[in-house]
Structures are given as structure tokens and as C-alpha cells.
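# Observations on the three-dimensional arrangement
Spelled out from the first residue to the last, the chains are:
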Amino acid sequence: MKPSVNHYSINTKGRDIAVGDIHGCFSKLMKSLEAINFDFDNDRLFSVGDLVDRGDESNQAIDWIYYHWFHACKGNHDQMAIDFARGPGWPMSLLDYSCNGGSWNIANSPEERETVALCFEDLPLGIEVETANGLVGLIHAECPFNDWNKFKYSEQDFSVDNTSMWERSRYHN
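Here we summarise the structure given alongside this text. (Residues numbered from 1 in each chain as written. Predicted model: local features only at pLDDT ≥ 70, side-chain atom pairs only at ≥ 80, totals over all residues. Heavy atoms only, no water.)

A water-sized probe rolled over the atoms picks out the places where empty space is left. Roughly 230 Å³ of internal volume is contained in the largest pocket. Lining the largest pocket we find 16 residues, and of these D21, D50, N76, H140 and R168 sit closest to its centre. Of all elements in the fold, only α3 (76-86) and α7 (158-166) reach the threshold of two or more residues within the lining of the largest pocket. Counting residues per element, the lining of the largest pocket draws most heavily on α3, at three residues. Across the lining of the largest pocket, the residue classes tally to five nonpolar, five polar and six charged. Lining the second largest pocket are N76, Q79, M80, D83, F158, D161, N162, M165 and W166. For the lining of the second largest pocket, the elements supplying multiple residues, two or more each, are α3 and α7. When residues of the lining of the second largest pocket are assigned to their parent elements, the largest contribution, five residues, is made by α7. Across the lining of the second largest pocket, the residue classes tally to four nonpolar, three polar and two charged. (1 Å grid on protein atoms, 1.4 Å probe; cavity = no way out; pocket = protein on both sides within 12 Å on 5 of 7 lines; lining within 4 Å. Points joined across faces, edges and corners; volume = space filled by probe spheres on them. Helix = DSSP H or I, 4+ residues; strand = E, 2+ residues; numbered from the N terminus. Nonpolar A, V, L, I, M, F, W, Y, C, P; charged D, E, K, R; others polar.)

Our focus in this paragraph is the nonpolar core. By size, the foremost hydrophobic cluster in this structure holds 28 residues, and its most contacted members are L45, L51, W64, F70 and F120. When neighbours within four sequence positions are excluded, W64 is seen to be in contact with F26, L29, M30, L33, L45, W69 and F70. Ranked by size, the runner-up nonpolar core spans eight residues in total, among them L125, I139, W148 and F151. (Core = buried A, V, L, I, M, F, W, Y, C linked by side-chain atoms within 4.5 Å. Buried < 20%, exposed > 50% of the residue type's maximum accessible area, 1.4 Å probe, protein only. Contact = heavy atoms within 4.5 Å.)

Across the interface, α3 lies against helix α4 (residues 94-106) with an axial gap of 10 Å and an inter-helix angle of 85 degrees. By the criterion of interaxial angle, the relationship of α3 to α4 is roughly perpendicular. Touching H77, M80, A81 and F84 of α3 are L94, Y97, N100, W104, N105 and I106, all from α4. Tallied by class, the residues present in the contact of α3 with α4 amount to seven nonpolar, three polar and no charged. (Axes fitted to C-alpha atoms, helices over the stretch in contact; angles between N-to-C directions. Parallel < 35°, antiparallel > 145°, perpendicular 65-115°, else oblique.)

This part covers the pairing of strand β5 (residues 126-131). As judged from the four bridges shared by strand β1 (residues 5-8) and β5, these two strands associate in the parallel manner. Bridged to H7 within β5 is E128. (Pairing = 2+ DSSP bridges.)

Counted according to the given criterion, the structure contains 12 aromatic pairs. With centroids separated by 4.9 Å and ring planes inclined at 70 degrees, the aromatic side chains of F40 and W69 adopt a geometry described as edge-to-face. With F40 in the loop between α1 (26-35) and β3 (44-47) and W69 in the loop between α2 (61-65) and β4 (70-72), this residue pair connects regions lying 29 residues apart in the sequence. In this structure W69 comes out as buried when scored by relative accessible area, which is 6%. (Phe/Tyr/Trp six-rings, centres within 6.5 Å; stacked < 30°, edge-to-face > 60°.)

With that settled, consider the sheet that holds β1. Read from one edge of the open sheet, three strands run β1-β5-β6, paired in mixed fashion. If you trace the sheet from one side to the other, it starts and ends with β1 and β6 (134-139), each paired once. With strand direction ignored, the average angle separating the axes of adjacent strands in the sheet is 20 degrees.

This paragraph deals with α7. Every buried residue of α7 is listed here: V160, D161, T163, S164 and M165. Those residues of α7 that are buried lie in contact with α3, β6 and α6 (148-153).

In C-alpha cells form, the structure reads like this:
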């Protein structure tokens, strides 16, 4: 199974904007969009994931996923929300999850957690956007290969998923 990568053709009507980790700070993001006169009819906003945790508005992530102008890939905090909803085999303690910003989801009902998990499961591991300067690949953490196409066409496995959502060695090096 190949990693999921959503492709977007060149935007001929407006601008494409990319944003890093939102972490439940959607009001701040909205103020930033207003400051740059984001055109909600023609511009597109691409997020590299981590829609939730740490900010007070994590429950708004589900609403944002359905905005026609918003496109996100899956980050490690989004994956933690999925894993937490699935229960048995949860790799973190509640304290670790809470310390990483998961208190909002711990407070959710089991049904709300499942809704969040279902929405986040549909997020791709990567996004590619056609631009006037060529194709741009977006991923939350690190591409496990030096070639985007190798990532896009590789077999999806734990190593690929883990690297694309968690790895930071290129950043640190």
C-alpha cells in the first residue's frame, strides 16, 4: 500500500499558502489569514499537520478539515489522537499524552474521540501542489527518501509513516 499523497493542480484563481503546526490555535491562524487578506473563495491553505494539542481550540480541527479552501496532511499529534481513540495498545500513558497537549481529547467522550479519529485517519501523509516554479511536496516531519517520487510510490509501512510524521534528524542536522 502506497503512502497517501493528495495532489493539487496549480491554483489559477488565487494564492497557495502553507502553514506549519496549528496545534489548536485556529483563532490566531484566522487572524493571520485576515492580515494577509486571504481570499476564502480563491486562495488555498495547506497545513503540514499537527492540527491539535497544546492550544485551546483543538476541537475545531474537524470543522477546518471540511473547509473547501483548507487542506492538511497528518502530523504526529493527529496520529496520537487516532491512537488514543483506538484504546488497547495505546503506546503512551495518559500523563504523556496530557503533557503533549492531549488533555482536550482525554476530556472528550469516547464517541467524540472516535469522530476525531475517523476524520484524522482520512488525512494523507503528504500533499503535493503544482506551482509556477514546479511541484512542491509537503509533509509533517521528514521525507524518508531524498526523492519525493520514491516516497510517493513507496510501499506504506511503519518506517515510512513514522519518519513522515515523527522524524527530525534532517532538521537537527
